[in-house]
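A look at the structure
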Amino acid sequence: MPVGGSAQVKDPATGDAVYIVQPKAGQYCGLSAVCTHSGCAVDAPKNGQLYCPCHGSRFDAATGAVVNGPAVKPLPKYTVTQDGDKLNLGPLQS
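Summarised in this report is the structure supplied together with it. Since we're looking at a predicted model, the values are computed, not measured.

This part is about the environment of Gly26. Residue position: Gly26 is located in the loop between strand E2 (17–24) and strand E3 (27–32). Residues Gly26 and Met1 lie 25 residues apart in sequence; the distance between their C-alpha atoms is 10.0 Å.

Taking strand neighbours across the sheet as the criterion, the five strands line up as E1-E2-E3-E7-E8 in an open arrangement whose pairing is antiparallel. With partners counted over all chains shown, the strands left at the sheet margins are strand E1 (6–10) and strand E8 (86–92), one partner each. Ignoring strand direction, the axes of neighbouring strands in this sheet form an average angle of 30°. When E1 meets E2, the two strands line up antiparallel, connected through five bridges. Among the inter-strand pairings, Gln8 is bridged to a residue of E2, identified as Tyr19.

Parameters and conventions
- Residues numbered from 1 in each chain as written.
- Predicted model: local features only at pLDDT ≥ 70, side-chain atom pairs only at ≥ 80, totals over all residues.
- Heavy atoms only, no water.
- Helix = DSSP H or I, 4+ residues; strand = E, 2+ residues; numbered from the N terminus.
- Pairing = 2+ DSSP bridges.
- Axes fitted to C-alpha atoms, helices over the stretch in contact; angles between N-to-C directions.

This is the structure in structure tokens:
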């Protein structure tokens with residue numbers, strides 16, 4: 001996965017979509033693909049942001065933080081670990 005790129009996987013516990021992103025070389029983060037405003041699916045990261053097509057919320061693709069509302073809560077984050085050339089999606093962070 002290139003820096004700035006992403007891959008979509010599923011949370012094994014819920015089946016919800018999760019984006020694994022690489023904002024900086026060797027730094028990986030998992031972000032829920034479910035908007036915290038109304039539960040719509042957000043689009044894949046583009047230009048460093050995830051966009052919700054339902055109401056226009058935008059989230060930072062490196063942190064999940066809200067860039068533009070109406071959402072007020074960040075996207076939930078998952079732990080991602082690297083094992084050689086394989087990435088593993090860990091649990092939802094609290």
